[in-house]
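For reference, the chains in residue letters:
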Amino acid sequence: MPGTGAVPETRQSTRFLLLYALAAAGGAVAYVPFLTVLLPVRVTALAGEADVSWLAYVTLGGALTASVANILFGWLSDLTRNRVRWILTGLVLSSSMLMAIPVAQSLTVLIGTIVLWQLGLNMMLAPLAAWAGDCVPDGQKGLLGGLLAFAPALGAASGALVTIPGLADAETRLVMVVCLVAALVLPVVLFGRPRPMPQLMEDSAPGGEQSDRPVALKSRSAVLRMWLARLLVQIAEAALFAYLLFWFRSIDAGMGDNHTARIFAIVLGIAVPLAILVGRWSDIRDRPILPLALASVLSSGGLIVMALAQTLTVAIAGYVLFGLAASVFLSLHTGQTLRVLPRARHRARDLGIFNLTNTVPSLIMPWLTLALVPVFGFSGLFWLLAALAALAGALLASLTRLSPIS
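Residues numbered from 1 in each chain as written. Predicted model: local features only at pLDDT ≥ 70, side-chain atom pairs only at ≥ 80, totals over all residues. Heavy atoms only, no water.

Notes on the overall build of the protein chain
A tally of regular secondary structure across the protein chain gives twelve helices and zero strands. In the protein chain, the order of α-helices and β-strands from amino to carboxyl end is α-α-α-α-α-α-α-α-α-α-α-α. The globule rule puts the C-alpha radius of gyration for 406 residues at 22 Å, and the 21 Å found for the protein chain is close to it. By principal-axis analysis of the C-alpha atoms, the protein chain measures approximately 70 × 50 × 30 Å. Total accessible area on the protein chain is roughly 17,500 Å²; 69% of this is exposed by carbon and sulfur atoms. (Helix = DSSP H or I, 4+ residues; strand = E, 2+ residues; numbered from the N terminus. Rg over C-alpha atoms; globule rule 2.2 N^0.38 Å. Areas by Shrake-Rupley, 256 points an atom, 1.4 Å probe, with all protein chains shown as cover.)

A few points about unusual backbone geometry
At Arg81, a residue that is not glycine, the phi angle is positive and equals roughly 55 degrees. Following the sequence through the fold, Arg81 ends up in the loop between helix H2 (51-80) and helix H3 (83-100). Overall, the relative accessible area of 55% leaves Arg81 in the exposed class. Even without being a glycine, Asp286 presents a positive backbone phi close to 60 degrees. In this fold, Asp286 is placed in the loop between helix H9 (257-285) and helix H10 (290-308). Look at Asp286 and you get buried, because its relative accessible area is 17%. (Buried < 20%, exposed > 50% of the residue type's maximum accessible area, 1.4 Å probe, protein only.)

Overview of the packing of aromatic side chains
Inspection of every chain in the model, using the stated rule, returns nine aromatic pairs. Measuring from centroid to centroid gives 6.4 Å for Phe248 and Tyr319, while their planes differ by 85 degrees, and the two rings are edge-to-face. With Phe248 in helix H8 (residues 220-251) and Tyr319 in helix H11 (residues 312-340), this residue pair connects regions lying 71 residues apart in the sequence. Through a chain of ring-to-ring contacts, the aromatic side chains of Trp247, Phe248, Tyr319, Phe378 and Phe382 assemble into a single cluster. (Phe/Tyr/Trp six-rings, centres within 6.5 Å; stacked < 30°, edge-to-face > 60°.)

Looking at the pattern of salt bridges
Scanning the model with the defined rule gives six salt bridges in all. One salt bridge in this structure joins Asp78 and Arg83, with 2.9 Å as the shortest N-O distance. On the basis of relative accessible area, Asp78 is assigned to the buried category, the value being 4%. Among the ionic pairs, Arg339 bridges to Asp138, the shortest N-O distance being 3.7 Å. With a gap of 201 residues between them, Arg339 in helix H11 and Asp138 in the loop between helix H4 (107-135) and helix H5 (141-147) connect regions that are remote in the sequence. Taking the relative accessible area as the measure of exposure, Asp138 reaches 8% and is therefore buried. Several salt bridges share partner residues, and in doing so they unite Asp78, Arg83, Asp134 and Arg347 into one network. (Salt bridge = Lys/Arg side-chain N within 4 Å of Asp/Glu carboxyl O.)

Section: H11
Between the first and last C-alpha of H11 there are 41 Å, a value that for 29 residues agrees with the 42 Å anticipated at 1.5 Å per step. By the largest-angle criterion, Thr334 marks the main kink of H11, which is about 30 degrees. When you tally the buried positions in H11, you get 22 out of 29 residues, the bulk of the element. (Expected span 1.5 Å × (residues − 1). Bend = angle between axes of the 7 residues up to and from the residue.)

As for helix H7 (residues 170-191)
Relative to the 32 Å expected for 22 residues at 1.5 Å per residue, H7 spans 33 Å between its end C-alpha atoms, a close match to the ideal helical length. Its axis deflected by about 30 degrees at Val185, H7 carries its strongest bend there, up to four residues before the proline Pro187. The set of residues buried in H7 consists of Arg173, Leu174, Met176, Val177, Val178, Val181, Leu184, Val185, Pro187, Val188 and Val189. Lining the buried residues of H7 we find helix H1 (14-47), H3, H4 and helix H6 (150-162). Phi turns positive one or two residues past the end of H7, at Arg193, with a value near 40 degrees. (Contact = heavy atoms within 4.5 Å.)

What about the nonpolar core?
In this structure, Leu303, Phe382 and Leu385 are the most contacted members of the largest nonpolar core, which totals 111 residues. No other element matches the 16 residues that helix H12 (residues 347-400) contributes to this core. The contacts of Leu385, once residues within four sequence positions are left out, are Ile235, Ala236, Ala239, Leu240 and Leu303. (Core = buried A, V, L, I, M, F, W, Y, C linked by side-chain atoms within 4.5 Å.)

Details of the packing of H8 against H11
Axis separation between H8 and H11 bottoms out at 10 Å; the angle between their running directions is 155 degrees. One finds that H8 runs roughly antiparallel with respect to H11. As for the relative orientation of H8 and H11, their crossing is left-handed in sense. Tallied by class, the residues present in the contact of H8 with H11 amount to 19 nonpolar, five polar and two charged. (Axes fitted to C-alpha atoms, helices over the stretch in contact; angles between N-to-C directions. Parallel < 35°, antiparallel > 145°, perpendicular 65-115°, else oblique. Left-handed = near helix turned anticlockwise from the far one by under 90°. Nonpolar A, V, L, I, M, F, W, Y, C, P; charged D, E, K, R; others polar.)

Here's the deal with the packing of H10 against H11
Where H10 meets H11, the closest approach of the two axes is 8 Å, and the angle between their N-to-C directions is 155 degrees. The angle between the axes of H10 and H11 places the two elements in the roughly antiparallel class. Once H10 is placed against H11, the crossing between them reads as left-handed. Of H11, the residues touching H10 (which contributes Pro291, Leu292, Ala295, Ser296, Leu298, Ser299, Gly301, Gly302, Leu303, Val305 and Met306) are Val314, Ala315, Gly318, Tyr319, Leu321, Phe322, Ala325, Ala326, Phe329, Leu332, His333 and Gln336.

As for a positive patch on the surface
Taken together, Arg11, Arg15, Arg193, Arg195 and Arg280 make up a surface patch of like positive charges. Here Arg195 is to be found in the loop between H7 and H8. According to the relative accessible area criterion, Arg195 is partly exposed, its value standing at 36%. (Patch = residues over 30% accessible without salt bridge, like charges linked within 9 Å, V, L, I, M, F, W, Y side chains within 5 Å. Lys, Arg positive; Asp, Glu negative; His and termini not counted. Charge placed at Lys NZ, Arg CZ, Asp CG, Glu CD.)

What follows is the structure, given as structure tokens:
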């Protein structure tokens, strides 16, 4: 505690960090295979040839619900000062709604079930995200961000697992997802036992003993720049996630979905150790923002290579550069966001506002694609996305001077 002459605990236990990373991966497993594979299959079964339109409606409704619910349940977990109960309640509700998907025999009921599922999912995810801010000190936030790179990798792997041909029918796949999520989330709740970090539960203030960073790094301007930078990179990442296969096929018609999925998986796999190494370096050197600025610039470079690509080899190389840089950026940014938020008592609510950078791109990206690709081709889209990523790097570059080398 401040004023005692010593800080009781300056580092969180490795056990909690590892179990927390697994729980965060469980959050990804909770929605990645469902939204990318299992939900489209269910919509097709109910809507037939109108499946594309109905899937758009379901996805839009879900995204809007997620945006509001993440802020709401984050605020409630701040208010009650109890993250674990919300996490467990959300786990039970979201799991129940997944199990109820086969029961929905009409599109209206399906949409209602998806809304309730999103409520439960974000009831779990919002306090889970804030729990890291309550327990992980600044000196370990780089490592935390690196470990969070496991989340998208395991999310993609779970989708591949539950859709192995002949392994399970549609209902059993949902049961598998529920079991995987519980197996990943429950250990940190039951066995994490984080060391108390009372200094992390105090709001930052000018001259306050609890602030171990320059106050300017926790200013409104810094928070806004971090938010905008993530939004810009997320727009680029969302566009590539949705249209990567189409772009590859525009260069080489023989490029199959299995080849694209393999490249995507390889990039996510390599990104995990890379993000951990970079995150650990940022902790040791006390440079939390510098890797984010550099990763933004590198992702912009990858998009430029993609815009200029005339052969499949160059196209893949450009995507690998972009994919690695963007994956490292997004995982480390999640950890460092906890550093810049100034108000501990509103931590989960404010993280919910940051979560809008995950949902808003899904609303922006289709319009960008429709406006640019028919006129300028994919290269026009990639030039714009490269400019957005470069702008993200510029926004963050001004914050690097606020992170002195230890």
